[in-house]
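Residue-level structure breakdown
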Amino acid sequence: MNRKFNFSVGEYYHLYNRGTDKRVIFSSPDDYKRFMLLLRLCNSTVPVDIGNKLREGRTFEELMDTAVPTRLVDVLAYCLMPNHFHFLLYSKEDPSQIAKFMQSLCIAYSMYFNRRYKRVGGLFQGRFKAIRITNDAYLQHISRYIHLNPTDYKSYKWSSLPYYLNADKVNWLHPERILDIFGASYGEFIDEYHDQKLILQKIKHEIDD
């Protein structure tokens, strides 16, 4: 992302980043869990010492359910892949909070990862990238694009898709901002595009042969 990128109040943004040299940034379930905890707890005006909480015997599930006093941004969708991640965020009262949240999250996770795997240097491929979402159709498409990153998207554990398909709710995720502008079934919306993509890939393969 250009360092002069200006976020605005009341806007939606697709943010993403990958590991430096496309390296793996999530090597185990514990890595995904730590990133999810940081995603949850860095989105707050009050810092939370995750290490101390874990040493106190708090479980991953308990920490994920911890109340956060004031959120910096609204998280609408996410997907964590082995070497990159995607977020869909909504800028609230103070647009500078997006950059603050992302910087806090990436620095905290990099420190954890480097400490755990005994490495030094930057973990991510520079600063995160950001794209402003300009209309409702684009907003719907981006949410679908994010959720279709994994091939096993229906059973993938590190994505917000289950919260779009089921009645489960958590206080740190806001799929309703997408679902409220969506008339049809979100599951059908996802599957339809996935099926079309498979057909196009098959045709391309047959043409290339």
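Presented here is a report on the structure given in the accompanying data block. (Residues numbered from 1 in each chain as written. Predicted model: local features only at pLDDT ≥ 70, side-chain atom pairs only at ≥ 80, totals over all residues. Heavy atoms only, no water.)

**Some details on the overall build of the protein chain**
The helix and strand inventory of the protein chain stands at eight helices and four strands. Secondary structure of the protein chain in N-to-C order comes out as β-α-α-α-β-β-α-β-α-α-α-α. The proportion of buried residues among the 209 residues of the protein chain is 45%. Relative to all contacts within the protein chain whose residues are 6 or more apart in sequence, the contacts with residues 24 or more apart total 76%. For the protein chain, the exposed surface amounts to about 11,400 Å²; the carbon and sulfur share of it is 51%. (Helix = DSSP H or I, 4+ residues; strand = E, 2+ residues; numbered from the N terminus. Buried < 20%, exposed > 50% of the residue type's maximum accessible area, 1.4 Å probe, protein only. Contact = heavy atoms within 4.5 Å. Areas by Shrake-Rupley, 256 points an atom, 1.4 Å probe, with all protein chains shown as cover.)

**Points about the packing of aromatic side chains**
Using the criterion set out here, one finds 20 aromatic pairs in the structure. Summarising the aromatic geometry, the rings of F26 and Y109 are spaced 5.4 Å apart at their centres and angled 50 degrees between planes, so their arrangement reads as tilted. On the criterion of sequence distance, the pair formed by F26 in the loop between strand 1 (12-18) and helix 1 (29-41) and Y109 in helix 4 (residues 96-116) is long-range, its members being 83 residues apart. Classification of F26 by relative accessible area gives buried; the value is 3%. Considering the side-chain rings of Y163 and W172, the 6.4 Å spacing of their centres and the 70 degrees angle between planes classify their relative orientation as edge-to-face. Relative accessible area serves as the criterion here: at 22%, Y163 is assigned to the partly exposed category. A residue is classified by how much of its surface remains accessible, and W172, at 6% relative accessible area, is buried. Connected via pairs of aromatic rings, a cluster forms that spans F26, Y32, F35, F85, F87, F101, Y109, Y112, F113, Y117, F124 and W158. (Phe/Tyr/Trp six-rings, centres within 6.5 Å; stacked < 30°, edge-to-face > 60°.)

**Regarding the sheet that holds strand 3 (residues 84-90)**
The four strands are arranged 2-3-1-4 in an open sheet whose pairing can be described as antiparallel. This sheet does not close on itself; its edge strands, each paired only once, are strand 2 (74-81) and strand 4 (129-133). Along the sheet, successive strands turn relative to each other by an average axial angle of 15 degrees, direction set aside. The pairing of strand 2 with strand 3 spans seven bridges and is antiparallel. Opposite Y78, over in strand 3, you have F87 as the bridge partner. Sheet contacts for helix 1: strand 2 and strand 3; angle to strand 2, the most-contacted strand, approximately 165 degrees. Its contacts with the sheet put helix 4 on strand 1 and strand 3, and the angle it makes with strand 3 is roughly 150 degrees. (Pairing = 2+ DSSP bridges. Axes fitted to C-alpha atoms, helices over the stretch in contact; angles between N-to-C directions.)

**Some remarks on the environment of P150**
Here P150 lies in the loop between helix 5 (136-147) and helix 6 (161-165). Taking the relative accessible area as the measure of exposure, P150 reaches 3% and is therefore buried. As for P150 and M81, which are separated by 69 residues in sequence, their C-alpha atoms are 7.3 Å apart. Every residue in contact with P150, bar those within four places of it in the chain, is listed here: C79, M81 and Y156.

**Things to note about the pairing of strand 3**
Sheet faces and side chains relate simply in a regular strand, where the side chains alternate between the two faces. Within strand 3, seven of the seven residues are buried, which leaves it mostly tucked inside the rest of the structure. Summarising the sheet, strand 1 and strand 3 pair through seven bridges and their orientation is antiparallel. What sits directly across from H14, in strand 3, is L88. Two successive antiparallel strands, strand 2 and strand 3, enclose a turn made up of two residues.

**Things to note about the pattern of salt bridges**
On inspection of all chains with the given rule, the structure shows seven salt bridges. Among the salt bridges present, the one from D31 reaches R116, with a minimum N-O distance of 3.1 Å. Within this pair, whereas D31 is found in helix 1, its partner R116 is found in helix 4, the two being separated by 85 residues in sequence. In this structure, the salt-bridge partner of D191 is K154, at a minimum N-O distance of 3.3 Å. (Salt bridge = Lys/Arg side-chain N within 4 Å of Asp/Glu carboxyl O.)

**Here's the deal with helix 5**
The end-to-end C-alpha distance of helix 5 is 17 Å, a good match for the 16 Å that 12 residues give at a rise of 1.5 Å each. Inspection of helix 5 places L139, Q140, I142, S143, R144, I146 and H147 among the buried residues, and these make up the whole buried set. (Expected span 1.5 Å × (residues − 1).)

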